[in-house]
Amino acid sequence: MHNSSGFTYNRTAMTDQQFIYLDNNATTPLDSEVIEEMLPFLTTFYGNPSSGYAFAARARKAIDLARERLAALLGCEPPEIVFTSGGTESNNAVIHSALQFAPLGKHVIASAVEHSAVLRPFQDVEKCGCSVTFLGVDRDGNLDLAEFEAAIRPETALVSMMWANNETGVLFPVEKIAGICRRKGVLFHTDAVQALAKIPIRLRDTAVDFLSLSAHKFHGPKGVGALYVNRRTRLSPLIAGGGQENARRGGTENVAGIVGLGKAAELAAKYLAEGNCSVRSMRDRFEKAILESVSGASVNGADALRIPNTSSLSFEGIESSAVLLLLDRQGICCSAGSACRTGSQEASHVLRAMNPNGDGARRSLRFSFSRFNTEAEIDRAVEIVPKVIEKLRQTAAPMQRGGFSPVAMALPGTP
Ligand SMILES: Cc1ncc(COP(=O)(O)O)c(C=O)c1O
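One structure accompanies this document, and this report is about it. (Residues numbered from 1 in each chain as written. Predicted model: local features only at pLDDT ≥ 70, side-chain atom pairs only at ≥ 80, totals over all residues. Heavy atoms only, no water.)

This part is about the pattern of salt bridges. Oppositely charged side chains are able to pair whenever their charged atoms sit close together. Taken as a whole and assessed by the stated rule, the structure comprises 24 salt bridges. With its nearest N and O atoms 3.3 Å apart, the salt bridge here joins arginine 231 to glutamate 80. Within this pair, whereas arginine 231 is found in the loop between strand E8 (225–229) and helix H7 (244–247), its partner glutamate 80 is found in the loop between helix H2 (54–74) and strand E2 (81–84), the two being separated by 151 residues in sequence. Aspartate 209 serves as the salt-bridge partner of arginine 182, at 3.4 Å between the closest nitrogen and oxygen. Here arginine 182, found in helix H6 (residues 174–184), pairs with aspartate 209, found in the loop between strand E6 (187–191) and strand E7 (210–214); they are 27 residues apart in sequence, far enough to count as distant. Relative accessible area serves as the criterion here: at 35%, arginine 182 is assigned to the partly exposed category. Look at aspartate 209 and you get buried, because its relative accessible area is 6%. Several salt bridges converge on common partners, so that one network encompasses Glu33, Glu37, Arg69, Lys263 and Glu266. (Salt bridge = Lys/Arg side-chain N within 4 Å of Asp/Glu carboxyl O. Helix = DSSP H or I, 4+ residues; strand = E, 2+ residues; numbered from the N terminus. Buried < 20%, exposed > 50% of the residue type's maximum accessible area, 1.4 Å probe, protein only.)

In the vicinity of the ligand, the contacting residues are Gly86, Gly87, Thr88, His115, Met162, Asn166, Asp191, Val193, Gln194, Ser214, His216 and Lys217. Note that an oxygen atom of the ligand is positioned 2.9 Å from one of the side-chain N or O atoms of histidine 216. In the complex, 87% of the free accessible area of the ligand, which totals 390 Å², lies under the protein chains. Looking at the shell around the ligand residue by residue, the class counts come to 2 nonpolar, 8 polar and 2 charged. (Near = heavy atom within 4 Å. Polar contact = N/O pair within 3.5 Å; in protein donor to acceptor, adjacent residues only side chain to side chain. Areas by Shrake-Rupley, 256 points an atom, 1.4 Å probe, with all protein chains shown as cover. Nonpolar A, V, L, I, M, F, W, Y, C, P; charged D, E, K, R; others polar.)

This is how it looks when you write it as C-alpha cells:
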C-alpha cells in the first residue's frame, strides 16, 4: 500500500517469513488509513496542543476530532473521554480514583477472570487493607448475577467486571451489572478492551460509570487508550501534572497516538455497522472445521455469548505449549491464553476458574481473528492445526512410556 505521504506499508512483507496472524486479541495490525492520519502529527504538526499559537491549534483540533470520533463509537459525549496510555493505565486510574473517594472500610468486587491489569491492582489494594471479593464463573465462563448482587456490601466502593474476556471471548451482561450497581449506589467500571469495536456499545443507554479501552486492539497504535468517565462521576487523576485532559490525566498528549485511536474508532464504527460479518464467519468456519476434524476438541465457553472474533479451543491429549511451538514453525501465530502470560509456565487463571478440577487450562489454544484475515488464511490454518495436534498425540504416547519430549520428537516431522 502506498499513500500520499510516500510511506509504503505492507502487512506481510514486513517480516522475512509469511505468517498467518490469528492472535488479534493480543494486538492487531495497524490499518493503513490510521497510519496515514497519524503521520503528519509525527512530522509536520509537532506543536504542543497546550501552546497558545495557531500552529499548535492544529494538534489541539486533531485531538478534539479524535475525541468526537471515539465518543461516536461509544455512544457518549466527547467530554466524557480521557485519553490515557492504554487499557492498563485506564484500569489502574479507575481503581485508584474510586478508593481515593471511598470512605473507610473499603470493599471492591471483581470477577476472578479479569485481565491482570485489573487483578494485579486489586491484589495490591488488598495488601493495603482493602477487602476484595473475586467472584467465580461457571463452566461456560458466566457470572451468577444473584451471587454478584449478594456480594455487594454497604461499604462496597467499586465493582469492576470486564465486558468481554480476552482469553475466551465470553461476554458478561455488563448493562445488567451496571444497573444493579446504580440501584445500590456503587460505582461500576468495565474493562472493555476486548469488547470495543467487536460489539455495538451505546454508553448513554447504560449505567456504566467508567470504561477502559485500548487502541491497539482495534487496528490503532500501541501505547494509547482512553477512559470513559460518566459526566456525573468524579475522577481523581492517577497521573497528576499539567491540567491536560481537563485536569484528569497530566502529561503532554500523545498527539499522533490519539489521532490514530480516533481514526481507528471511526473505521471500527463503519465495520460494526456492517455487522463485522467477515470476522464472525471466518471464526465460525474455522471453529466448525476444527471441531469436525479433530477428535476430543471442544470450545471453551461454547454455550455462552461471545464476541465474534475469538475461538478458545481445548484439545484432549496435548500440551498447549507444544502445539504453540509447532504452529509457530508453520507460521501460525496464536496463543495459549493471554499474550501477557506467554513464556510463563502458569496455566490460564480464566480456564482454571471455569473448570477448577479439569486440565483444560493446559490443553487450550486461543485463535483470534480480525478483518485483515483472509479466507485463504483460514483454509491454511484449518489444514495445519489438525495435523499438528495429530502429530503431537502420536508422539505423546511413547513419551508417556519413555519420558521424552513430544516437542522434540515432533519437530523433524512437523506437517
Ligand atoms: C481485557 C484486557 N484488559 C486490559 C488489557 C491491557 O491493555 P493495554 O495493552 O492497552 O495496556 C488487555 C490487553 O491484553 C486486555 O485484553
